[in-house]
Amino acid sequence: MKFFVDSADTDAIADLAATGMVDGVTTNPSLVAKSGRDFKELVAEICALVPGPVSAEVTALDADTMLKEADELLAIADNVCIKVPLTWDGLKATRQLADRGKMVNVTLCFSANQALLAAKAGAAFISPFVGRLDDIGADGMRLIGEIRQIYDNYSELESQILVASVRSPEHMRASALIGADVATLPPEVLKSLIAHPLTDKGLEAFLADWQKSGQSIA
Ligand code: E4P
């Protein structure tokens, strides 16, 4: 399973990349705006921090302008992945980019049928937003299960399921159990995956006993 970091904070990305566990990064216009950084400079910096796909989202609504924006973004680095919204124009742009061998992440997916369309259009990644579905009382993880089953039913559908809008360790655990290909996690959620009170308690007890033994290893 691949771990992406869902952030435009380069310090946080660099910190997590040092673990060797970061396979890619996702950004979106809201995260970029929050960073206050120039978009292209930011994408270049993130692309240098991680070897894998860095999703950079187009903001045009029509396919022709999306493709122009995509070319600007693709010129930044080889690991740029173009993110497009799940609209008909987004899917037209996806097909053209995929035919050119470019990676596309189709974002803002909230239904199994949308995921089916994105895969038919040639998306490298489909991004279902589990947290935002939970926010409206729907079941985000159920959608991940449905998409997994649909993609597994048809070997010609090759898109990777990139679980997005991940808000908790439980989203991560459920994604891994279902067999999602990728999860993109905000830095604080990724960091929280390691936490267990029994780990802390156990370590404390081991170290206290070790100290009593009077020994040292090095
Ligand atoms: C990532 O590609 C998405 O843009 C992101 O996960 C959305 O997360 P949010 O719903 O917490 O804003």
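The structure presented is a predicted model; accordingly, all values stated were derived computationally and were not measured.

Parameters and conventions
Residues numbered from 1 in each chain as written. Predicted model: local features only at pLDDT ≥ 70, side-chain atom pairs only at ≥ 80, totals over all residues. Heavy atoms only, no water. Near = heavy atom within 4 Å. Polar contact = N/O pair within 3.5 Å; in protein donor to acceptor, adjacent residues only side chain to side chain. Areas by Shrake-Rupley, 256 points an atom, 1.4 Å probe, with all protein chains shown as cover. Nonpolar A, V, L, I, M, F, W, Y, C, P; charged D, E, K, R; others polar. Pairing = 2+ DSSP bridges. Helix = DSSP H or I, 4+ residues; strand = E, 2+ residues; numbered from the N terminus. Axes fitted to C-alpha atoms, helices over the stretch in contact; angles between N-to-C directions. Contact = heavy atoms within 4.5 Å. Buried < 20%, exposed > 50% of the residue type's maximum accessible area, 1.4 Å probe, protein only. Parallel < 35°, antiparallel > 145°, perpendicular 65-115°, else oblique.

## Looking at the site of the ligand
Here's step 1: Lining the immediate environment of the ligand, one finds Asp6, Thr26, Asn28, Lys83, Phe129, Arg132, Ala164, Ser165 and Arg167.
Here's step 2: The side chain of Asp6 places a nitrogen or oxygen atom 2.6 Å from an oxygen atom of the ligand.
Here's step 3: In the model, an oxygen atom of the ligand is placed 2.6 Å from a nitrogen or oxygen of the Lys83 side chain.
Here's step 4: About the coverage of the ligand: the protein hides 85% of its 340 Å² of free accessible area.
Here's step 5: Considering only residue class, the shell around the ligand consists of two nonpolar, three polar and four charged.

## A closer look at the sheet that holds strand 7 (residues 160-163)
Here's step 1: Ordered in space as 1-2-3-4-5-6-7-8, the eight strands form a closed barrel in which the pairing is parallel. Within this sheet the neighbouring strands show an average axis-to-axis angle of 30°, counted without direction.
Here's step 2: Inspection of the sheet shows strand 5 (residues 104-109) paired to strand 6 (residues 125-128) by three bridges, in the parallel sense. Counted as the bridge partner of Cys109 is Pro128 from strand 6.
Here's step 3: On the sheet, helix 3 (residues 39-49) packs against strand 2 (24-26), strand 3 (54-57) and strand 4 (80-85) and is oriented at approximately 170° with respect to strand 3.
Here's step 4: Across the sheet, helix 6 (residues 112-120) lies against strand 5 and strand 6, angled at about 165° from strand 5, the strand it touches most.

## Digging into unusual backbone geometry
Here's step 1: Phi at Leu108 takes a positive value of approximately 65°, unusual for a residue other than glycine.
Here's step 2: On the secondary structure map, Leu108 appears in strand 5.
Here's step 3: Residue class for Leu108 comes out partly exposed when judged on its relative accessible area of 33%.
Here's step 4: The residue Ser165 is not glycine, and still its phi comes out positive at about 60°.
Here's step 5: Among the secondary structure elements, Ser165 is positioned in the loop between strand 7 and helix 9 (169-178).
Here's step 6: Ser165 sits in the buried class, given a relative accessible area of 10%.

## Quick look at the environment of Ile76
Here's step 1: Among the secondary structure elements, Ile76 is positioned in the loop between helix 4 (63-74) and strand 4.
Here's step 2: What makes Ile76 partly exposed here is its relative accessible area of 24%.
Here's step 3: For the pair formed by Ile76 and Val43, sequence separation is 33 residues and the distance between their alpha carbons is 7.4 Å.
Here's step 4: Apart from the residues lying within four places of it in its own chain, the contact partners of Ile76 are Lys40, Val43 and Ala44.

## Some details on the packing of helix 1 (residues 10-17) against helix 3
Here's step 1: At a minimum axis distance of 10 Å, the contact between helix 1 and helix 3 shows a crossing angle of 10°. With respect to their mutual orientation, helix 1 and helix 3 come out roughly parallel. Contacts from Thr10, Ile13, Ala14 and Ala17 in helix 1 reach Leu42, Glu45, Ile46 and Leu49 in helix 3.
Here's step 2: Looking at the contact of helix 1 with helix 3, its residues break down into six nonpolar, one polar and one charged.

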